[in-house]
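Chain residues, written in single-letter form:
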Amino acid sequence: MGSPTREQAGAARGAAVFRLLNREIDRVRRETGRTPRVLDVGGGSGTWAVPLASAGCPVTVVDTSPNALATLARRADEAGVTELVNPVNGDVDTLADVAPADGADLVLGHGLLEVVEEPGRVLTALACAAAPGGAVSVLTVGRYGAFIGRVASGRLAEARQLLTDEDGRTGPDDRLLRRFDAGLLRELAADTGRLEIEALQGDGTLEVWLPGPGQESEQAGRDERDELDALASAVPALGEVAPRLHLLARRY
């Protein structure tokens, strides 16, 4: 699962994604009276796991990288949530061996589908790990957002390759195995035979056009940007050209 690329690393901001995850946490608490059990596959450094644990969720994190899991342990300790975070050295190929089927209320596969050989099989494994009625959250790199980013930075040859390559790659040296559009994510979810899509939105839609707020603007500027980004990301035509695509689906 390794170190994230620059495109993947932007997912750490994820304001629009966290809004949906928080909504899902509230739903589980409201309907069951308990905090949801979370499984984070490939999230070893704790970008998503630590905030969710800070919200009271017990989180099992499965990752192949000992270094990433060490970073997770440090972040969990700093946040005071060590007891809620369970790091597991493992792979999505053997997910059933380390995470029980039907066991999680919320399953995360963020920054995962673009680096695995068979994304459809991996998404099916994530769906199997979710309890019936639970949710699967996938965050992945978008093809058209990558295209716009290359055009904006004058890398036109790479932009052309992104559009013409079957998997949306820039060439043989591309660290990602593929980039996705919304249609492909819908197909993969349908092919699992277990997932019904509830939301498919962009993430970081404004990144190409709107620079981040400077230190002088501090939190007010970030909040305004995050609010506008969430609004734009929820519009299908705009979300499709975001750097990353976020899918939230219900296990049936």
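These numbers come from a predicted model, not from an experiment.

## Re the overall build of the chain
Counting its regular elements, the chain contains 11 helices and seven strands. On C-alpha atoms alone, the chain measures out to a radius of gyration of 18 Å, which is about the 18 Å that the 2.2 N^0.38 rule sets for 252 residues. Seen through its principal axes, the chain has C-alpha atoms that stretch 50 × 45 × 35 Å. Across the 252 residues in the chain, those meeting the buried criterion constitute 47%. Counted over contacts in the chain with a minimum sequence separation of 6, partners at least 24 positions apart contribute 74%. Here the chain has roughly 11,800 Å² of accessible surface; of this, 51% comes from carbon and sulfur atoms. Charge separation in the chain, taken as the distance between the mean sites of 27 positive and 38 negative side-chain charges, equals 1 Å.

## Regarding the sheet that holds strand 6 (residues 195-203)
A sheet is described by the order of its strands in space; here seven strands give the open sequence 3-2-1-4-5-7-6, paired in mixed fashion. Two strands in the sheet have a free side with no partner beyond their single neighbour: strand 3 (85-89) and strand 6. Averaged over neighbouring strand pairs, the angle between their axes works out to 15 degrees when direction is ignored. Of the strand pairs in this sheet, strand 1 (residues 38-41) and strand 2 (residues 59-63) are connected by four bridges, and their pairing is parallel. Bridging across to strand 2, Leu39 finds its partner in Thr60.

## A short note on a nonpolar patch on the surface
A contiguous nonpolar patch, built from Val208, Trp209, Leu210, Leu228 and Leu231 and spanning about 470 Å² of accessible area, is present on the exposed surface. Counting through the fold element by element, Leu210 comes out in the loop between strand 6 and helix 10 (218-233). Since its relative accessible area comes to 35%, Leu210 is described here as partly exposed.

## Structural notes on the nonpolar core
The biggest cluster of nonpolar side chains holds 28 residues, and the ones touching the most others in it are Leu39, Leu95, Val107, Leu123, Leu126 and Val136. Within the residue set of this core, elements represented by two or more residues are strand 1, strand 4 (104-110), helix 6 (119-129), strand 5 (130-141), helix 9 (182-191) and strand 7 (244-251). In terms of residue count, helix 6 provides more of this core than any other element does, five residues in total. Once you skip the residues sitting within four places of it in the chain, Val107 turns out to touch Leu39, Leu126, Ala129, Ala130, Ala135, Val136 and Ser137. The next biggest cluster of nonpolar side chains, apart from the first, holds 25 residues, and it includes Leu20, Ala53, Cys57 and Val81.

Thresholds, definitions, all that
- The numbers attached to residues start from 1 for each chain and follow its sequence in the written order.
- A pLDDT threshold of at least 70 governs which residues receive local features in this predicted model, and a stricter bar of 80 or more applies before side-chain atom pairs are shown or counted, although totals over entire chains, interfaces and linings include all residues.
- To get the side-chain values, take all heavy atoms of the structure and skip hydrogens and water.
- Going along the chain from the N terminus, every DSSP run of H or I of four or more residues is numbered as a helix, and every run of E of two or more is numbered as a strand.
- We compute the radius of gyration over the C-alpha atoms and compare it with the globule rule, which gives 2.2 Å times the number of residues raised to the power 0.38.
- Residue exposure (1.4 Å probe, protein chains only): buried if accessible area is under 20% of the type maximum, exposed if over 50%, otherwise partly exposed.
- The contact definition used throughout considers only heavy atoms, calling two residues in contact when any of these lie within 4.5 Å.
- Here the open area of atoms and residues is found with the Shrake-Rupley method and a 1.4 Å probe, where only the protein chains shown may cover a residue.
- The charge count includes Lys and Arg as positive and Asp and Glu as negative, but it does not include His or the ends of the chains.
- Here the site of a charge means atom NZ of a Lys, CZ of an Arg, CG of an Asp or CD of a Glu.
- Two strands form a pair only when DSSP identifies at least two bridges running between them.
- Axis geometry follows a simple rule: fit a line to the C-alpha atoms, using only the stretch in contact for helices, then measure angles between N-to-C directions, giving values from 0 to 180 degrees.
- Exposure above 30% relative accessible area and no salt bridge define the residues that can form patches, which grow by joining like charges within 9 Å and nonpolar side chains of Val, Leu, Ile, Met, Phe, Trp and Tyr within 5 Å.
- Salt bridge criterion: a side-chain nitrogen from Lys or Arg within 4 Å of a carboxyl oxygen from Asp or Glu.
- Here the nonpolar core consists of buried residues drawn from Ala, Val, Leu, Ile, Met, Phe, Trp, Tyr and Cys, with membership extended through side-chain atoms lying within 4.5 Å.

Interpretation in functional terms is not warranted from these geometric data alone.
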